[in-house]
Amino acid sequence: MSDLKKIRDEFISKLKGNLDLAELNKIKSDLFGKNGLVSSQFKKIGTIDVTERKKFASDLNIIKDELHDLINLKINEIEKANINEKLEKEKIDVTLPERSFVKGKIHPVSQTIDEISSIFSEIGFSVEEGPDVENEYNNFTALNTPDNHPARDMHDTFYLDDKKERLLRTHTSPVQIRTMLKDKPPFKIIAPGRTYRSDSDQTHSPMFHQVEGLHIDKDINMGHLKGCLNYFIKEFFEVKKIKMRFRPSHFPFTEPSAEVDIGYEIKDGKIIIGEGDQWLEILGCGMVHPNVLKNVKVDPTKFQGYAFGIGIDRLAMLKYGINDLRAFFDCDYRWLNHFGFDPLDVPTNYRGLSR
Ligand code: PHE
């Protein structure tokens, strides 16, 4: 009997037995592995006498196919049986409750930032950003607040080194400096973002949010500032009329400076914006101080304009009836679920800015 026939008969009879998956795979590699019996026969072809070579190769291929098919058939049978057994065991219990489905919510502060950005972008402001970790120069000095200026103490700054060179920005005003240093006037930007001061109570949190506004051009005056803020507040609170007052104030980086209050009243426990005789401070603003313009190489005899800084969290509290600022940052899932926004159901004055 030829070697080939011997191999064939031996394995055909082996494959008749009741084999499991591991045994079948072992046979497969014994035959067709790198040094398997069939593989070695293939290597022999070249050494066989020319007259017999053709027949040998043809017989070898037939045997190879036969054994190969038989093994695969057996493997398939076992796999099929395994799947059927599994399906048999895993009956679906249709009485079980469905898996819970949790939809994420948009944080009221993110929602408010989106709304503010949409409103301002409609009237020509672009959005700028700056880092939370600032240097002392951008946060104070360039903003006309030199060393030992009392305004530095007002800010309860978190310094990040002993030399007081790096700090967590105490306001978004350093973005004014960054913007004006990197471009040429005119400038018309807003800069929303996180700000930090060492302060914590019902209306103060050590981390809070501001949006800076800056509009510099050849003939921008306080009338433009007033018109812009008036428009913004009305759009933001979705009211036709607003009561607004400019109170003289002081910021080193603006002259003149003002704080803006809006009128409100409480009716049936709800706050109504734009009516009544109560006043609430919501922002600081003014005409950009010539020293600030000089610091960023903008000629104050040619360019001038206004800046403002609005407390975002406070706007969000007012608009959405949230009374404790600290809740914003507690990360309480139940709170977020209640006050957060459905990403697919955006409020009416949301103008389609991409998140
Ligand atoms: N940066 C000021 C603050 O945080 C607000 C402000 C911004 C005032 C711009 C005037 C101009 O208190």
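(A) Seen up close, the domain arrangement of the chain. If you check the domain split of the chain, you get domain 1 (2–89) and domain 2 (108–339). Computed over C-alpha atoms, the centres of domain 1 and domain 2 are 79 Å apart.

(B) Structural detail: unusual backbone geometry. That bond from Pro185 to Pro186 is cis: its omega, 5°, falls within 30 degrees of zero. For the bond running from Glu255 to Pro256, omega is -5°, close enough to zero to count as cis. When you line up the elements, Pro256 lands in strand 7 (residues 254–267). Unusually for a residue other than glycine, Asn144 sits at a positive phi of about 60°. Within the fold, Asn144 resides in the loop between helix 6 (136–139) and helix 7 (150–154). In this structure, Cys331 is a non-glycine residue whose phi angle is positive, near 60°. By secondary structure assignment, the location of Cys331 is in the loop between helix 11 (312–320) and helix 12 (333–339).

(C) Examining the side chain of Ser257 more closely. By the element assignment, Ser257 lies in strand 7. At 2.6 Å, the side chain of Ser257 and the side chain of Thr254 are in polar contact. The contacts of Ser257, once residues within four sequence positions are left out, are Arg247, Pro248, Ser249, His250, Phe251, Cys285 and Gly286.

(D) Looking closely at the site of the ligand. Near the ligand lie 14 residues; those nearest to it are His171, Ser173, Arg197, Gln210 and Gly309. Interatomic distance of 2.9 Å between a side-chain N/O atom of Ser173 and a nitrogen atom of the ligand. One of the side-chain N or O atoms of Arg197 is found 2.9 Å from an oxygen atom in the ligand. Coverage of the ligand by the protein chains reaches 93% of its 320 Å² of free accessible surface. Among the secondary structure elements, those contributing two or more residues to the shell around the ligand are strand 5 (207–217), strand 9 (278–288) and strand 10 (304–311). The element best represented in the shell around the ligand is strand 10, accounting for 3 residues.

(E) Structural context of the pattern of salt bridges. Counted under the stated rule, the structure contains 24 salt bridges. The shortest N-O distance in the salt bridge between Asp30 and Lys26 comes to 3.0 Å. In this pair, Asp30 and Lys26 are both assigned in helix 2 (residues 21–32), 4 residues apart and thus about one turn of the helix distant. Note that Glu265 is salt-bridged to Lys267, the shortest N-O span being 3.7 Å. Judged by relative accessible area, which is 21%, Glu265 ranks as partly exposed. What emerges from the salt-bridge pattern is a single network uniting Arg245, Arg247, Glu259, Asp261 and Glu281.

(F) Fine view of helix 9 (residues 222–237). Taking 1.5 Å per residue as the helical rise, helix 9 with its 16 residues ought to reach 22 Å, and the 23 Å between its terminal C-alpha atoms agrees with that figure. Along helix 9, the residues classified as buried are Leu225, Cys228, Leu229, Phe232, Ile233, Phe236 and Phe237. Buried residues of helix 9, viewed axially, fall in a sector of 135°; they line one side. For helix 9, the N-terminal capping position is held by Asn221, with its side-chain oxygen 2.8 Å away from the main-chain nitrogen of Gly223.

(G) Representation of the layout of surface pockets within the structure. Estimates place the volume of the largest pocket at around 940 Å³. At the level of elements, helix 7, strand 5, strand 6 (244–251), strand 7, strand 9, strand 10 and helix 11 are the ones that each hand at least two residues to the lining of the largest pocket. Class assignment for the residues of the lining of the largest pocket results in 16 nonpolar, 16 polar and 8 charged.

(H) A look at the packing of helix 3 (residues 37–44) against helix 4 (residues 50–89). Here helix 3 crosses helix 4 at 165°, and the two axes come no closer than 10 Å. Comparing the axis directions of helix 3 and helix 4 gives the class roughly antiparallel. Crossing angle aside, the handedness with which helix 3 passes helix 4 is left-handed. Here helix 3 contributes Val38, Gln41 and Phe42 to the contact with helix 4, which in turn contributes Phe56, Leu60, Asn61 and Lys64. In terms of residue class, the contact of helix 3 with helix 4 is built from 4 nonpolar, 2 polar and 1 charged.

Thresholds applied
- Residues numbered from 1 in each chain as written.
- Predicted model: local features only at pLDDT ≥ 70, side-chain atom pairs only at ≥ 80, totals over all residues.
- Heavy atoms only, no water.
- Domains from an automatic or database assignment.
- Helix = DSSP H or I, 4+ residues; strand = E, 2+ residues; numbered from the N terminus.
- Polar contact = N/O pair within 3.5 Å; in protein donor to acceptor, adjacent residues only side chain to side chain.
- Contact = heavy atoms within 4.5 Å.
- Near = heavy atom within 4 Å.
- Areas by Shrake-Rupley, 256 points an atom, 1.4 Å probe, with all protein chains shown as cover.
- Salt bridge = Lys/Arg side-chain N within 4 Å of Asp/Glu carboxyl O.
- Buried < 20%, exposed > 50% of the residue type's maximum accessible area, 1.4 Å probe, protein only.
- Expected span 1.5 Å × (residues − 1).
- Arc of directions from axis to C-beta.
- 1 Å grid on protein atoms, 1.4 Å probe; cavity = no way out; pocket = protein on both sides within 12 Å on 5 of 7 lines; lining within 4 Å.
- Points joined across faces, edges and corners; volume = space filled by probe spheres on them.
- Nonpolar A, V, L, I, M, F, W, Y, C, P; charged D, E, K, R; others polar.
- Axes fitted to C-alpha atoms, helices over the stretch in contact; angles between N-to-C directions.
- Parallel < 35°, antiparallel > 145°, perpendicular 65-115°, else oblique.
- Left-handed = near helix turned anticlockwise from the far one by under 90°.

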